[in-house]
Amino acid sequence: MTPRAGFVIVPSHRVFVSFSGGSNLKIRLIDPAYDDPFIAHSPKVIKTIWFARLTLTTLAALTPSHIDVKITDENVEPIDFEEDVDLVGLTGMVMHAPRAYEIARRFRQRGVPVVMGGPHASSLPSEAKAHVDAVVIGEAENIWKGLIEDLEKGRLKPFYKADAYCTMKGIPPPRIDLLCKDAYMTVNCVQTTRGCPHQCDFCHVTHFFGKTYRCRPVEEVIEEVERLDGEFIVFVDDNIAGNPPYAKELFTRLKPLKKKWASQASLTLTRNPELLRLAAESGCVSLFVGVESLSSENLKEVHKSFNQVDRYEEAMRSLHDHDIMILAGFIFGLDHDDEGVFERTLRFCEKNRIELPSFFILTPLPGTPLFQRMESEGRLLHKDWSKYNGATVVFRPKLMTEETLQQGFNWVCKEGYSWRSILRRVFHPQQRFFTRLLSNLAYRSIAEKTPEGQVPGLSKMLQRMNDTIPLQNTRDLIQAVGVKIAEKRLQIEQKAADTLKLYSVYNERLKTLVVRLEGSIDREGAKELVKRLKKSLSSRIERVILDFKDVGAFSSEAMGVLSRKGFLQTEEGEPWLAINVPGKNS
(Lines give C-alpha, C1' and ligand atoms only; values in the text may rest on other atoms or scores of the structure.)
Protein backbone atom coordinates (compact mmCIF):
# COMPACT_ATOMS: atom_id res chain seq x y z
CA MET A 1 0.00 0.00 0.00
CA THR A 2 0.92 3.69 -0.03
CA PRO A 3 -0.32 7.18 1.35
CA ARG A 4 -3.71 8.84 3.25
CA ALA A 5 -5.76 11.98 4.57
CA GLY A 6 -8.64 13.40 6.59
CA PHE A 7 -11.58 11.10 7.08
CA VAL A 8 -14.86 10.58 8.87
CA ILE A 9 -15.49 7.25 10.57
CA VAL A 10 -19.03 6.13 11.43
CA PRO A 11 -18.47 2.78 13.20
CA SER A 12 -22.00 2.48 14.52
CA HIS A 13 -23.53 1.44 11.18
CA ARG A 14 -23.04 -2.07 9.85
CA VAL A 15 -23.59 -3.64 6.45
CA PHE A 16 -25.29 -7.02 6.25
CA VAL A 17 -24.01 -9.26 3.46
CA SER A 18 -24.51 -12.85 2.51
CA PHE A 19 -21.99 -15.31 1.14
CA SER A 20 -22.03 -18.85 -0.14
CA GLY A 21 -22.13 -21.24 2.78
CA GLY A 22 -20.96 -24.81 3.09
CA SER A 23 -17.48 -24.44 1.66
CA ASN A 24 -14.56 -22.21 2.53
CA LEU A 25 -14.85 -18.51 1.89
CA LYS A 26 -13.42 -17.32 -1.41
CA ILE A 27 -11.72 -13.93 -1.60
CA ARG A 28 -10.51 -12.27 -4.79
CA LEU A 29 -8.02 -9.40 -4.34
CA ILE A 30 -7.80 -7.07 -7.35
CA ASP A 31 -5.28 -4.45 -8.41
CA PRO A 32 -7.12 -2.26 -10.97
CA ALA A 33 -5.43 -1.29 -14.22
CA TYR A 34 -5.13 2.28 -15.38
CA ASP A 35 -6.60 2.38 -18.86
CA ASP A 36 -5.14 5.37 -20.66
CA PRO A 37 -3.91 5.35 -24.28
CA PHE A 38 -0.78 7.31 -23.38
CA ILE A 39 0.11 5.87 -19.97
CA ALA A 40 -1.07 2.24 -19.89
CA HIS A 41 1.87 -0.13 -20.40
CA SER A 42 2.04 -3.01 -22.84
CA PRO A 43 2.84 -6.55 -21.61
CA LYS A 44 6.30 -6.21 -23.13
CA VAL A 45 7.04 -3.02 -21.18
CA ILE A 46 5.72 -4.55 -17.96
CA LYS A 47 7.93 -7.57 -18.51
CA THR A 48 10.95 -5.30 -19.06
CA ILE A 49 10.69 -2.71 -16.29
CA TRP A 50 7.82 -3.54 -13.88
CA PHE A 51 8.18 -5.35 -10.59
CA ALA A 52 5.22 -6.77 -8.69
CA ARG A 53 3.54 -4.74 -5.96
CA LEU A 54 3.38 -6.11 -2.42
CA THR A 55 0.05 -4.68 -1.28
CA LEU A 56 -2.20 -7.58 -2.20
CA THR A 57 0.41 -10.31 -1.75
CA THR A 58 0.90 -9.10 1.84
CA LEU A 59 -2.84 -9.04 2.41
CA ALA A 60 -3.09 -12.59 1.06
CA ALA A 61 -0.37 -13.68 3.47
CA LEU A 62 -2.41 -12.26 6.36
CA THR A 63 -5.54 -14.16 5.29
CA PRO A 64 -6.34 -17.21 7.44
CA SER A 65 -5.33 -20.50 5.83
CA HIS A 66 -8.87 -21.89 5.74
CA ILE A 67 -9.89 -19.18 3.26
CA ASP A 68 -9.32 -19.50 -0.48
CA VAL A 69 -7.62 -16.27 -1.56
CA LYS A 70 -6.52 -15.32 -5.07
CA ILE A 71 -5.03 -12.22 -6.70
CA THR A 72 -5.74 -10.52 -10.01
CA ASP A 73 -3.49 -7.77 -11.28
CA GLU A 74 -5.60 -6.33 -14.06
CA ASN A 75 -2.48 -4.90 -15.67
CA VAL A 76 -1.39 -8.39 -16.67
CA GLU A 77 -4.59 -10.50 -16.69
CA PRO A 78 -8.33 -9.93 -17.11
CA ILE A 79 -10.87 -9.89 -14.29
CA ASP A 80 -13.47 -12.66 -14.19
CA PHE A 81 -16.59 -10.73 -13.21
CA GLU A 82 -18.65 -13.94 -13.10
CA GLU A 83 -16.37 -15.70 -10.62
CA ASP A 84 -17.95 -17.48 -7.67
CA VAL A 85 -16.49 -15.41 -4.87
CA ASP A 86 -17.58 -14.22 -1.41
CA LEU A 87 -15.56 -11.02 -1.15
CA VAL A 88 -13.65 -8.74 -3.49
CA GLY A 89 -10.82 -6.60 -2.13
CA LEU A 90 -9.63 -3.56 -4.09
CA THR A 91 -6.66 -1.26 -3.72
CA GLY A 92 -5.42 1.66 -5.78
CA MET A 93 -3.91 5.08 -5.96
CA VAL A 94 -5.88 8.22 -6.82
CA MET A 95 -5.85 7.69 -10.58
CA HIS A 96 -7.15 4.12 -10.14
CA ALA A 97 -10.26 5.21 -8.23
CA PRO A 98 -12.71 5.45 -11.16
CA ARG A 99 -11.76 2.00 -12.43
CA ALA A 100 -11.91 0.56 -8.90
CA TYR A 101 -15.40 1.98 -8.47
CA GLU A 102 -16.48 0.43 -11.77
CA ILE A 103 -15.11 -2.97 -10.74
CA ALA A 104 -16.93 -2.67 -7.41
CA ARG A 105 -20.20 -1.79 -9.15
CA ARG A 106 -20.10 -4.87 -11.35
CA PHE A 107 -19.45 -7.27 -8.48
CA ARG A 108 -22.00 -5.63 -6.19
CA GLN A 109 -24.64 -5.97 -8.90
CA ARG A 110 -24.26 -9.71 -8.33
CA GLY A 111 -24.51 -9.30 -4.56
CA VAL A 112 -20.78 -9.77 -3.94
CA PRO A 113 -19.54 -7.48 -1.12
CA VAL A 114 -16.54 -5.30 -1.91
CA VAL A 115 -13.95 -3.79 0.43
CA MET A 116 -11.51 -1.11 -0.70
CA GLY A 117 -8.27 0.18 0.79
CA GLY A 118 -5.12 1.89 -0.40
CA PRO A 119 -4.08 5.53 -0.72
CA HIS A 120 -7.20 6.95 -2.34
CA ALA A 121 -9.77 5.17 -0.19
CA SER A 122 -7.78 6.12 2.90
CA SER A 123 -7.69 9.76 1.84
CA LEU A 124 -11.38 10.00 0.90
CA PRO A 125 -13.12 7.17 2.80
CA SER A 126 -16.57 8.72 2.61
CA GLU A 127 -16.31 9.00 -1.17
CA ALA A 128 -15.08 5.42 -1.45
CA LYS A 129 -17.83 4.16 0.85
CA ALA A 130 -20.43 5.37 -1.66
CA HIS A 131 -19.08 2.73 -4.07
CA VAL A 132 -18.13 -0.19 -1.82
CA ASP A 133 -19.41 -2.02 1.25
CA ALA A 134 -16.43 -1.39 3.52
CA VAL A 135 -13.39 0.88 3.49
CA VAL A 136 -10.02 0.12 5.07
CA ILE A 137 -8.35 3.35 6.17
CA GLY A 138 -4.58 3.18 6.32
CA GLU A 139 -2.64 0.00 7.01
CA ALA A 140 -4.58 -3.27 6.94
CA GLU A 141 -2.29 -5.54 8.96
CA ASN A 142 -3.96 -4.95 12.32
CA ILE A 143 -7.58 -5.08 11.11
CA TRP A 144 -7.70 -7.62 8.28
CA LYS A 145 -8.36 -10.59 10.55
CA GLY A 146 -11.24 -8.78 12.27
CA LEU A 147 -12.70 -7.75 8.92
CA ILE A 148 -12.77 -11.37 7.76
CA GLU A 149 -14.40 -12.44 11.00
CA ASP A 150 -17.09 -9.82 10.43
CA LEU A 151 -17.56 -11.12 6.89
CA GLU A 152 -18.04 -14.66 8.15
CA LYS A 153 -20.71 -13.35 10.53
CA GLY A 154 -22.35 -11.43 7.69
CA ARG A 155 -21.81 -8.09 9.47
CA LEU A 156 -19.22 -5.99 7.66
CA LYS A 157 -18.62 -2.58 9.21
CA PRO A 158 -18.56 0.40 6.85
CA PHE A 159 -15.10 1.56 7.97
CA TYR A 160 -12.04 -0.16 9.42
CA LYS A 161 -9.07 1.70 10.85
CA ALA A 162 -6.40 0.36 13.16
CA ASP A 163 -5.84 2.05 16.50
CA ALA A 164 -2.08 2.13 15.89
CA TYR A 165 0.45 1.60 13.13
CA CYS A 166 1.53 -1.99 12.73
CA THR A 167 4.83 -3.31 13.96
CA MET A 168 7.24 -4.44 11.28
CA LYS A 169 8.16 -7.51 13.31
CA GLY A 170 6.77 -10.88 12.31
CA ILE A 171 5.12 -9.82 9.03
CA PRO A 172 4.57 -13.01 7.02
CA PRO A 173 6.30 -13.33 3.64
CA PRO A 174 4.10 -11.99 0.82
CA ARG A 175 2.23 -14.56 -1.28
CA ILE A 176 4.13 -13.98 -4.51
CA ASP A 177 3.09 -17.50 -5.51
CA LEU A 178 -0.35 -16.02 -6.32
CA LEU A 179 1.05 -13.73 -9.03
CA CYS A 180 1.58 -14.33 -12.74
CA LYS A 181 5.32 -14.46 -12.24
CA ASP A 182 6.32 -14.45 -15.89
CA ALA A 183 4.40 -11.21 -16.52
CA TYR A 184 6.85 -9.00 -14.58
CA MET A 185 10.50 -8.12 -14.66
CA THR A 186 10.61 -9.75 -11.23
CA VAL A 187 8.33 -10.76 -8.37
CA ASN A 188 11.25 -10.93 -5.93
CA CYS A 189 10.11 -7.93 -3.92
CA VAL A 190 10.92 -7.34 -0.26
CA GLN A 191 10.09 -4.53 2.15
CA THR A 192 12.66 -3.62 4.81
CA THR A 193 11.27 -0.30 6.06
CA ARG A 194 7.98 1.53 5.95
CA GLY A 195 7.42 5.27 5.70
CA CYS A 196 9.92 8.07 5.20
CA PRO A 197 11.75 10.31 7.67
CA HIS A 198 11.02 13.32 5.46
CA GLN A 199 7.68 15.08 4.98
CA CYS A 200 7.51 16.54 1.49
CA ASP A 201 4.27 18.43 0.81
CA PHE A 202 3.40 16.58 -2.40
CA CYS A 203 4.05 13.04 -1.17
CA HIS A 204 1.37 10.56 -0.14
CA VAL A 205 3.77 8.35 1.81
CA THR A 206 3.89 10.33 5.05
CA HIS A 207 0.17 10.90 4.87
CA PHE A 208 -0.55 7.17 4.58
CA PHE A 209 2.04 5.80 6.98
CA GLY A 210 2.02 8.75 9.35
CA LYS A 211 5.11 10.59 10.48
CA THR A 212 6.78 7.29 11.19
CA TYR A 213 9.73 5.36 9.84
CA ARG A 214 9.66 1.74 10.91
CA CYS A 215 12.22 -0.98 10.24
CA ARG A 216 11.82 -4.75 10.03
CA PRO A 217 14.20 -6.88 12.02
CA VAL A 218 17.21 -7.40 9.77
CA GLU A 219 17.20 -11.12 10.54
CA GLU A 220 13.68 -11.47 9.13
CA VAL A 221 14.64 -9.56 5.97
CA ILE A 222 17.67 -11.78 5.40
CA GLU A 223 15.60 -14.94 5.90
CA GLU A 224 13.07 -13.75 3.31
CA VAL A 225 15.78 -12.83 0.79
CA GLU A 226 17.43 -16.22 1.22
CA ARG A 227 14.16 -17.96 0.31
CA LEU A 228 13.84 -16.14 -3.02
CA ASP A 229 15.07 -17.70 -6.24
CA GLY A 230 17.25 -15.76 -8.62
CA GLU A 231 19.96 -13.19 -8.01
CA PHE A 232 17.94 -9.96 -8.36
CA ILE A 233 15.81 -8.37 -5.62
CA VAL A 234 13.73 -5.19 -5.50
CA PHE A 235 13.41 -3.58 -2.09
CA VAL A 236 10.13 -1.67 -2.34
CA ASP A 237 10.97 0.80 0.43
CA ASP A 238 10.20 4.48 -0.02
CA ASN A 239 13.61 5.30 1.43
CA ILE A 240 15.82 2.31 2.15
CA ALA A 241 18.55 4.43 3.75
CA GLY A 242 16.31 6.63 5.89
CA ASN A 243 17.81 5.15 9.09
CA PRO A 244 21.57 4.98 8.42
CA PRO A 245 22.50 2.64 11.34
CA TYR A 246 19.76 0.20 10.30
CA ALA A 247 20.74 0.45 6.63
CA LYS A 248 24.38 -0.18 7.53
CA GLU A 249 23.46 -3.38 9.35
CA LEU A 250 21.17 -4.49 6.52
CA PHE A 251 23.76 -3.89 3.79
CA THR A 252 26.44 -5.65 5.81
CA ARG A 253 24.22 -8.71 6.24
CA LEU A 254 23.30 -8.71 2.54
CA LYS A 255 26.90 -8.85 1.30
CA PRO A 256 27.46 -12.61 1.78
CA LEU A 257 24.24 -13.42 -0.13
CA LYS A 258 25.73 -12.14 -3.41
CA LYS A 259 22.41 -10.69 -4.59
CA LYS A 260 21.89 -7.74 -6.92
CA TRP A 261 19.26 -5.29 -5.80
CA ALA A 262 17.43 -2.06 -6.61
CA SER A 263 15.47 0.30 -4.39
CA GLN A 264 14.61 3.92 -3.67
CA ALA A 265 16.53 6.36 -1.51
CA SER A 266 16.94 10.06 -0.93
CA LEU A 267 20.04 11.87 -2.15
CA THR A 268 21.21 12.19 1.45
CA LEU A 269 22.64 8.69 0.97
CA THR A 270 25.32 10.14 -1.32
CA ARG A 271 26.54 12.35 1.52
CA ASN A 272 27.36 9.28 3.62
CA PRO A 273 30.38 7.71 1.83
CA GLU A 274 30.58 4.67 4.10
CA LEU A 275 26.91 3.83 3.70
CA LEU A 276 27.01 4.33 -0.07
CA ARG A 277 30.04 2.05 -0.30
CA LEU A 278 28.27 -0.61 1.74
CA ALA A 279 25.18 -0.34 -0.47
CA ALA A 280 27.28 -0.97 -3.56
CA GLU A 281 29.24 -3.81 -1.95
CA SER A 282 25.97 -5.46 -0.85
CA GLY A 283 24.74 -5.59 -4.46
CA CYS A 284 22.97 -2.28 -5.14
CA VAL A 285 22.87 -1.80 -8.91
CA SER A 286 20.21 0.92 -9.29
CA LEU A 287 18.41 3.49 -7.18
CA PHE A 288 15.42 5.72 -7.76
CA VAL A 289 16.14 9.14 -6.29
CA GLY A 290 13.68 12.01 -6.09
CA VAL A 291 15.61 14.95 -7.48
CA GLU A 292 12.31 16.79 -8.12
CA SER A 293 13.64 20.24 -9.03
CA LEU A 294 16.77 22.21 -9.92
CA SER A 295 15.38 25.17 -7.97
CA SER A 296 16.29 25.65 -4.31
CA GLU A 297 13.22 27.87 -3.91
CA ASN A 298 10.96 25.08 -5.14
CA LEU A 299 12.53 22.54 -2.82
CA LYS A 300 12.22 24.85 0.17
CA GLU A 301 8.53 25.50 -0.47
CA VAL A 302 7.64 21.78 -0.61
CA HIS A 303 9.81 20.98 2.45
CA LYS A 304 12.48 19.12 0.51
CA SER A 305 15.39 21.44 1.09
CA PHE A 306 17.47 18.49 2.28
CA ASN A 307 18.04 18.11 -1.47
CA GLN A 308 20.99 20.43 -2.07
CA VAL A 309 20.98 21.73 -5.64
CA ASP A 310 24.62 22.83 -5.52
CA ARG A 311 25.60 19.23 -4.69
CA TYR A 312 23.49 17.46 -7.31
CA GLU A 313 26.32 16.85 -9.75
CA GLU A 314 28.55 15.56 -6.97
CA ALA A 315 25.75 13.20 -5.90
CA MET A 316 25.34 11.81 -9.42
CA ARG A 317 29.09 11.26 -9.73
CA SER A 318 29.14 9.42 -6.41
CA LEU A 319 26.42 7.00 -7.53
CA HIS A 320 28.13 6.38 -10.85
CA ASP A 321 31.51 5.93 -9.16
CA HIS A 322 29.91 3.06 -7.25
CA ASP A 323 28.48 1.61 -10.47
CA ILE A 324 24.88 2.39 -9.44
CA MET A 325 22.41 3.19 -12.19
CA ILE A 326 20.34 6.31 -11.54
CA LEU A 327 16.57 6.48 -11.94
CA ALA A 328 15.74 10.09 -11.16
CA GLY A 329 12.33 11.69 -10.66
CA PHE A 330 11.66 15.29 -11.74
CA ILE A 331 8.50 17.31 -11.13
CA PHE A 332 7.31 20.15 -13.36
CA GLY A 333 4.86 22.86 -12.39
CA LEU A 334 6.19 23.84 -8.97
CA ASP A 335 5.61 27.47 -8.08
CA HIS A 336 9.05 28.70 -9.21
CA ASP A 337 9.04 26.81 -12.51
CA ASP A 338 8.85 28.90 -15.65
CA GLU A 339 8.86 27.68 -19.23
CA GLY A 340 12.63 27.27 -19.27
CA VAL A 341 12.44 24.41 -16.75
CA PHE A 342 11.88 21.65 -19.31
CA GLU A 343 14.96 22.17 -21.42
CA ARG A 344 17.08 23.07 -18.40
CA THR A 345 16.12 19.81 -16.67
CA LEU A 346 16.74 17.66 -19.74
CA ARG A 347 20.20 19.14 -20.30
CA PHE A 348 21.00 18.45 -16.65
CA CYS A 349 20.03 14.79 -17.15
CA GLU A 350 22.19 14.52 -20.25
CA LYS A 351 25.18 16.27 -18.69
CA ASN A 352 25.06 13.99 -15.64
CA ARG A 353 24.28 10.83 -17.63
CA ILE A 354 21.15 10.01 -15.69
CA GLU A 355 20.23 6.67 -17.20
CA LEU A 356 16.48 6.73 -16.62
CA PRO A 357 14.92 10.13 -15.93
CA SER A 358 11.24 10.02 -14.98
CA PHE A 359 9.24 13.17 -15.58
CA PHE A 360 6.02 14.07 -13.77
CA ILE A 361 3.63 16.98 -13.68
CA LEU A 362 3.05 18.19 -10.13
CA THR A 363 -0.11 16.45 -8.93
CA PRO A 364 -1.88 17.53 -5.72
CA LEU A 365 -3.01 14.23 -4.24
CA PRO A 366 -5.94 14.28 -1.79
CA GLY A 367 -4.76 14.30 1.79
CA THR A 368 -1.40 15.93 1.15
CA PRO A 369 -0.51 19.46 2.30
CA LEU A 370 -0.09 20.37 -1.38
CA PHE A 371 -3.70 19.40 -2.12
CA GLN A 372 -5.01 21.29 0.87
CA ARG A 373 -3.09 24.42 -0.09
CA MET A 374 -4.14 24.37 -3.73
CA GLU A 375 -7.75 23.69 -2.85
CA SER A 376 -7.79 26.63 -0.42
CA GLU A 377 -6.23 28.86 -3.09
CA GLY A 378 -8.82 27.81 -5.68
CA ARG A 379 -6.15 26.44 -8.00
CA LEU A 380 -7.59 22.97 -8.61
CA LEU A 381 -9.12 22.67 -12.08
CA HIS A 382 -11.34 19.69 -11.24
CA LYS A 383 -11.52 16.47 -9.22
CA ASP A 384 -11.63 13.96 -12.05
CA TRP A 385 -9.35 11.48 -10.28
CA SER A 386 -8.58 9.61 -13.51
CA LYS A 387 -6.59 12.67 -14.59
CA TYR A 388 -4.52 12.80 -11.38
CA ASN A 389 -1.91 10.62 -13.05
CA GLY A 390 1.27 12.69 -12.96
CA ALA A 391 1.06 13.35 -16.69
CA THR A 392 -1.93 15.71 -16.90
CA VAL A 393 -2.26 19.27 -15.63
CA VAL A 394 -5.00 19.36 -12.97
CA PHE A 395 -4.19 22.70 -11.30
CA ARG A 396 -3.41 26.29 -12.17
CA PRO A 397 0.39 26.85 -12.24
CA LYS A 398 1.77 30.14 -10.92
CA LEU A 399 4.23 31.14 -13.64
CA MET A 400 2.87 29.26 -16.65
CA THR A 401 -0.46 28.67 -18.27
CA GLU A 402 -1.90 25.17 -18.09
CA GLU A 403 -1.28 24.73 -21.82
CA THR A 404 2.40 25.72 -21.58
CA LEU A 405 2.96 23.27 -18.71
CA GLN A 406 1.27 20.43 -20.59
CA GLN A 407 3.03 21.17 -23.88
CA GLY A 408 6.43 21.46 -22.19
CA PHE A 409 5.90 18.23 -20.29
CA ASN A 410 4.91 16.35 -23.44
CA TRP A 411 7.99 17.73 -25.20
CA VAL A 412 10.44 16.73 -22.47
CA CYS A 413 9.00 13.19 -22.30
CA LYS A 414 9.50 12.67 -26.02
CA GLU A 415 12.80 14.51 -26.30
CA GLY A 416 14.18 12.81 -23.18
CA TYR A 417 13.83 9.42 -24.84
CA SER A 418 14.79 10.47 -28.34
CA TRP A 419 17.76 8.60 -29.79
CA ARG A 420 19.91 11.72 -29.41
CA SER A 421 19.21 12.02 -25.69
CA ILE A 422 19.53 8.28 -25.05
CA LEU A 423 22.96 8.26 -26.67
CA ARG A 424 24.07 11.19 -24.53
CA ARG A 425 22.93 9.54 -21.31
CA VAL A 426 23.66 5.85 -21.81
CA PHE A 427 27.02 5.65 -23.55
CA HIS A 428 29.51 5.95 -20.73
CA PRO A 429 32.01 3.62 -19.02
CA GLN A 430 29.63 2.16 -16.44
CA GLN A 431 28.91 -1.56 -16.48
CA ARG A 432 25.63 -3.23 -17.50
CA PHE A 433 25.40 -1.25 -20.73
CA PHE A 434 22.77 -3.52 -22.24
CA THR A 435 20.59 -3.31 -19.13
CA ARG A 436 20.66 0.46 -19.38
CA LEU A 437 19.93 0.37 -23.09
CA LEU A 438 17.03 -2.10 -22.82
CA SER A 439 15.48 -0.06 -20.02
CA ASN A 440 15.74 3.09 -22.14
CA LEU A 441 14.09 1.31 -25.05
CA ALA A 442 11.18 0.34 -22.80
CA TYR A 443 10.84 3.94 -21.58
CA ARG A 444 11.12 5.11 -25.19
CA SER A 445 8.14 2.94 -26.16
CA ILE A 446 6.13 4.68 -23.42
CA ALA A 447 7.32 8.14 -24.49
CA GLU A 448 6.36 7.49 -28.09
CA LYS A 449 2.71 7.27 -27.03
CA THR A 450 2.86 10.68 -25.37
CA PRO A 451 0.90 13.37 -27.25
CA GLU A 452 3.01 15.77 -29.29
CA GLY A 453 4.38 18.73 -27.38
CA GLN A 454 6.71 21.61 -27.99
CA VAL A 455 9.50 23.31 -26.11
CA PRO A 456 8.17 26.68 -24.95
CA GLY A 457 9.22 29.58 -27.17
CA LEU A 458 11.22 31.44 -24.52
CA SER A 459 13.21 28.42 -23.41
CA LYS A 460 16.44 29.35 -25.20
CA MET A 461 16.31 32.92 -23.95
CA LEU A 462 15.73 31.75 -20.40
CA GLN A 463 18.79 29.49 -20.60
CA ARG A 464 20.88 32.56 -21.54
CA MET A 465 19.32 34.53 -18.70
CA ASN A 466 20.23 31.85 -16.17
CA ASP A 467 23.97 31.93 -16.68
CA THR A 468 27.26 33.33 -15.39
CA ILE A 469 29.10 36.33 -16.84
CA PRO A 470 32.84 36.42 -15.94
CA LEU A 471 34.51 39.66 -14.87
CA GLN A 472 37.25 41.21 -17.00
CA ASN A 473 38.53 43.88 -14.61
CA THR A 474 38.27 43.80 -10.83
CA ARG A 475 40.58 46.75 -10.03
CA ASP A 476 37.91 49.43 -10.06
CA LEU A 477 35.19 47.54 -8.24
CA ILE A 478 33.35 49.34 -5.48
CA GLN A 479 31.66 47.49 -2.67
CA ALA A 480 27.92 47.87 -2.51
CA VAL A 481 28.40 49.79 0.72
CA GLY A 482 30.46 52.40 -1.18
CA VAL A 483 34.09 51.63 -0.26
CA LYS A 484 36.49 51.52 -3.22
CA ILE A 485 38.55 48.35 -3.53
CA ALA A 486 42.10 49.19 -4.53
CA GLU A 487 43.91 46.27 -2.95
CA LYS A 488 45.16 43.09 -4.52
CA ARG A 489 42.93 40.47 -6.14
CA LEU A 490 43.02 38.26 -3.04
CA GLN A 491 41.38 40.98 -0.97
CA ILE A 492 38.85 41.61 -3.74
CA GLU A 493 37.86 37.95 -3.76
CA GLN A 494 37.20 38.18 -0.06
CA LYS A 495 34.69 40.98 -0.62
CA ALA A 496 33.05 40.13 -3.95
CA ALA A 497 32.60 37.25 -6.34
CA ASP A 498 34.59 37.43 -9.58
CA THR A 499 31.53 36.65 -11.67
CA LEU A 500 28.05 37.98 -12.23
CA LYS A 501 25.38 35.31 -11.91
CA LEU A 502 21.93 35.68 -13.45
CA TYR A 503 18.90 34.00 -11.92
CA SER A 504 15.88 34.67 -14.11
CA VAL A 505 12.24 33.66 -13.85
CA TYR A 506 9.55 34.42 -16.41
CA ASN A 507 5.94 34.87 -15.33
CA GLU A 508 3.89 34.00 -18.40
CA ARG A 509 0.66 35.19 -16.81
CA LEU A 510 2.07 38.67 -16.09
CA LYS A 511 4.38 38.72 -19.13
CA THR A 512 7.16 39.74 -16.76
CA LEU A 513 10.80 38.64 -16.60
CA VAL A 514 12.49 38.97 -13.20
CA VAL A 515 16.30 38.90 -13.28
CA ARG A 516 18.10 38.60 -9.96
CA LEU A 517 21.77 39.57 -10.11
CA GLU A 518 24.36 38.08 -7.79
CA GLY A 519 28.09 38.77 -7.55
CA SER A 520 29.94 41.67 -9.15
CA ILE A 521 29.47 43.85 -12.22
CA ASP A 522 32.28 45.45 -14.20
CA ARG A 523 31.97 47.41 -17.45
CA GLU A 524 32.26 44.39 -19.76
CA GLY A 525 29.84 42.42 -17.63
CA ALA A 526 27.35 45.30 -17.83
CA LYS A 527 27.69 45.39 -21.62
CA GLU A 528 27.04 41.65 -21.85
CA LEU A 529 24.07 41.97 -19.51
CA VAL A 530 22.60 44.74 -21.68
CA LYS A 531 23.07 42.61 -24.78
CA ARG A 532 21.21 39.69 -23.22
CA LEU A 533 18.46 41.87 -21.82
CA LYS A 534 17.77 43.47 -25.19
CA LYS A 535 17.51 40.05 -26.79
CA SER A 536 14.99 39.03 -24.15
CA LEU A 537 12.45 41.64 -25.24
CA SER A 538 9.64 40.18 -27.29
CA SER A 539 5.90 40.42 -27.72
CA ARG A 540 5.60 37.96 -24.84
CA ILE A 541 7.70 40.00 -22.38
CA GLU A 542 6.20 43.36 -21.54
CA ARG A 543 8.26 44.09 -18.45
CA VAL A 544 11.72 43.29 -17.08
CA ILE A 545 12.59 43.70 -13.38
CA LEU A 546 16.29 43.83 -12.44
CA ASP A 547 16.98 43.00 -8.80
CA PHE A 548 20.41 44.21 -7.55
CA LYS A 549 19.95 43.03 -3.97
CA ASP A 550 22.72 40.40 -4.13
CA VAL A 551 25.24 42.48 -6.09
CA GLY A 552 28.27 42.63 -3.82
CA ALA A 553 30.47 44.97 -5.87
CA PHE A 554 30.34 47.05 -9.02
CA SER A 555 32.32 49.57 -11.01
CA SER A 556 31.10 53.10 -11.66
CA GLU A 557 31.57 52.44 -15.38
CA ALA A 558 29.27 49.41 -15.15
CA MET A 559 26.52 51.42 -13.53
CA GLY A 560 27.03 54.14 -16.12
CA VAL A 561 26.52 51.65 -18.95
CA LEU A 562 23.33 50.35 -17.38
CA SER A 563 22.05 53.85 -16.71
CA ARG A 564 22.67 55.09 -20.26
CA LYS A 565 20.86 52.08 -21.68
CA GLY A 566 17.85 52.73 -19.47
CA PHE A 567 18.18 49.69 -17.19
CA LEU A 568 18.29 51.61 -13.90
CA GLN A 569 14.76 53.00 -14.09
CA THR A 570 13.15 52.89 -10.66
CA GLU A 571 9.78 54.36 -11.51
CA GLU A 572 6.75 52.10 -11.88
CA GLY A 573 5.15 52.08 -15.31
CA GLU A 574 8.39 51.76 -17.28
CA PRO A 575 9.14 48.55 -19.24
CA TRP A 576 12.40 48.29 -17.30
CA LEU A 577 12.32 48.44 -13.52
CA ALA A 578 15.40 48.27 -11.28
CA ILE A 579 15.03 47.46 -7.59
CA ASN A 580 17.55 47.43 -4.75
CA VAL A 581 19.94 49.54 -6.85
CA PRO A 582 23.22 50.26 -4.99
CA GLY A 583 23.15 53.78 -3.60
CA LYS A 584 19.42 54.25 -4.20
CA ASN A 585 16.35 53.52 -2.17
CA SER A 586 14.62 50.36 -3.34
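Structure shown above.
This structure is a prediction, so every number in the text was calculated from the model and none was measured. (Residues numbered from 1 in each chain as written. Predicted model: local features only at pLDDT ≥ 70, side-chain atom pairs only at ≥ 80, totals over all residues. Heavy atoms only, no water.)

Caption draft 1: Region of interest: the sheet that holds strand β4 (residues 87-90). Read across the open sheet, the 6 strands follow the order β3-β2-β4-β5-β6-β8; overall the sheet is parallel. Looking at strand neighbours, the two that pair on one side only are β3 (68-73) and β8 (159-161), the edges of this open sheet. Within this sheet the neighbouring strands show an average axis-to-axis angle of 20 degrees, counted without direction. The pairing of strand β2 (residues 26-31) with β3 spans 6 bridges and is classified as parallel. Among the inter-strand pairings, D31 is bridged to a residue of β3, identified as D73. Helix α3 (residues 97-109) rests against β2, β4 and β5 (114-116) of the sheet, and its axis sits at about 160 degrees to β5. (Pairing = 2+ DSSP bridges. Helix = DSSP H or I, 4+ residues; strand = E, 2+ residues; numbered from the N terminus. Axes fitted to C-alpha atoms, helices over the stretch in contact; angles between N-to-C directions. Contact = heavy atoms within 4.5 Å.)

Caption draft 2: Geometry of the packing of helix α13 (residues 341-351) against helix α15 (residues 402-416). Where α13 meets α15, the axes come as close as 9 Å, and the angle between the chain directions of the two elements is 20 degrees. When the interaxial angle is binned, α13 and α15 end up roughly parallel. By crossing handedness, the relation of α13 to α15 is classed as right-handed. Residue-level contacts link F342, E343, L346 and R347 of α13 to T404, L405, G408, F409, W411, V412, E415 and G416 of α15. Taken together, the residues of the contact of α13 with α15 break down into 6 nonpolar, 3 polar and 3 charged. (Parallel < 35°, antiparallel > 145°, perpendicular 65-115°, else oblique. Left-handed = near helix turned anticlockwise from the far one by under 90°. Nonpolar A, V, L, I, M, F, W, Y, C, P; charged D, E, K, R; others polar.)

Caption draft 3: Representation of the pairing of β2 within the structure. Within β2, 5 of the 6 residues are buried, which leaves it mostly tucked inside the rest of the structure. Judged from the 4 bridges that link them, β2 and β4 form a sheet pairing that is parallel. From the neighbouring strand, L29 faces β4, where its bridge partner is G89. (Buried < 20%, exposed > 50% of the residue type's maximum accessible area, 1.4 Å probe, protein only.)

Caption draft 4: Main features of the environment of I67. Topologically, I67 is positioned in the loop between α2 (55-62) and β3. On the accessibility criterion, I67 (6% relative accessible area) is buried. Separated by 11 residues in the primary sequence, I67 and L56 have C-alpha atoms spaced 15 Å apart. If we skip the residues at most four places from it in the chain, I67 touches L25, I27, I148 and E152.

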